[in-house]
Every structure is written in structure tokens, then in C-alpha cells.
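A look at the structure
Listed below, chain by chain, are the residues.
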Amino acid sequence: MWYVIIGQDSPDALEIRKRVRPAHLERAQKLLDEGRMLVAGPCPAIDSPDPGPAGFTGSVIIAEFASLADARAWVAADPYVTEGVFESHEVRPFVKSLP
């Protein structure tokens, strides 16, 4: 089943985000390589694809996991969680309707 992962950045998390981004992307790339990634990306703090020092407010991933518990375990081990980029996160089942 698909699950949506929504992470909310901690205040002033931009420098940590930059530092751990390669490890975060490596994990996400594995989901993509396995055909389990629908979409993923950050949410800029301003209306720009490159927010510069304004940074990001969080990130969204929609990916396929065997269960809600597996999706929660995956995100709990992600560097954005373990290193404190995300101040909070949630994982919810997701049903893809379109396209």
C-alpha cells in the first residue's frame, strides 16, 4: 500500500538538512530503484524552487510499504528524523486515485 510521509522541519534546521541530505537521498533513491517511490520532495519556506536562506518547512514522500508499521519504521530511521531536521512527522495510508 502507498503511504504519505509528511515531515515538519525544526526551526533553523537548514544547516542540518544540508549536512544530512546526501544520506537522506540515498535512502529515498533505494525506494525509487525498487519501484516503490511515487513522489518525494521538500516544501520551500517561500514561493520559490530555490528558497536560499529561507530554507524549507518540511518534506513529503509518497512511497509503497508492506504495512503502516514498516513505513513508520523506515521514516524513524531516516537521517532527517535521527539528526533532528524534522521536529515532527506523520505517516498515513494513501490511495492513489489519479493519474
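Because the structure is predicted, anything quoted here is derived from the model rather than measured. (Residues numbered from 1 in each chain as written. Predicted model: local features only at pLDDT ≥ 70, side-chain atom pairs only at ≥ 80, totals over all residues. Heavy atoms only, no water.)

Spatially, 4 strands are ordered S2-S3-S1-S4 in an open sheet, and the strand pairing comes out antiparallel. One side of each edge strand has no neighbouring strand; the edge strands of this open sheet are strand S2 (37-44) and strand S4 (86-94). Geometrically, the sheet is characterised by an average inter-axis angle of 10° between neighbouring strands, direction not taken into account. As paired elements, S2 and strand S3 (residues 56-64) share 7 bridges and run antiparallel to each other. (Pairing = 2+ DSSP bridges. Helix = DSSP H or I, 4+ residues; strand = E, 2+ residues; numbered from the N terminus. Axes fitted to C-alpha atoms, helices over the stretch in contact; angles between N-to-C directions.)

Trans is the prevailing form of peptide bonds, just as negative phi is the prevailing case for residues other than glycine. That bond from Leu98 to Pro99 is cis: its omega, -15°, falls within 30 degrees of zero. On the secondary structure map, Pro99 appears in the segment after S4. Positive phi is not limited to glycine here, since Asp12 has a value of about 60°. Tracing the sequence through the fold places Asp12 in the loop between strand S1 (2-9) and helix H1 (14-33). Using a relative accessible area of 78% as the deciding quantity, one classes Asp12 as exposed. (Buried < 20%, exposed > 50% of the residue type's maximum accessible area, 1.4 Å probe, protein only.)

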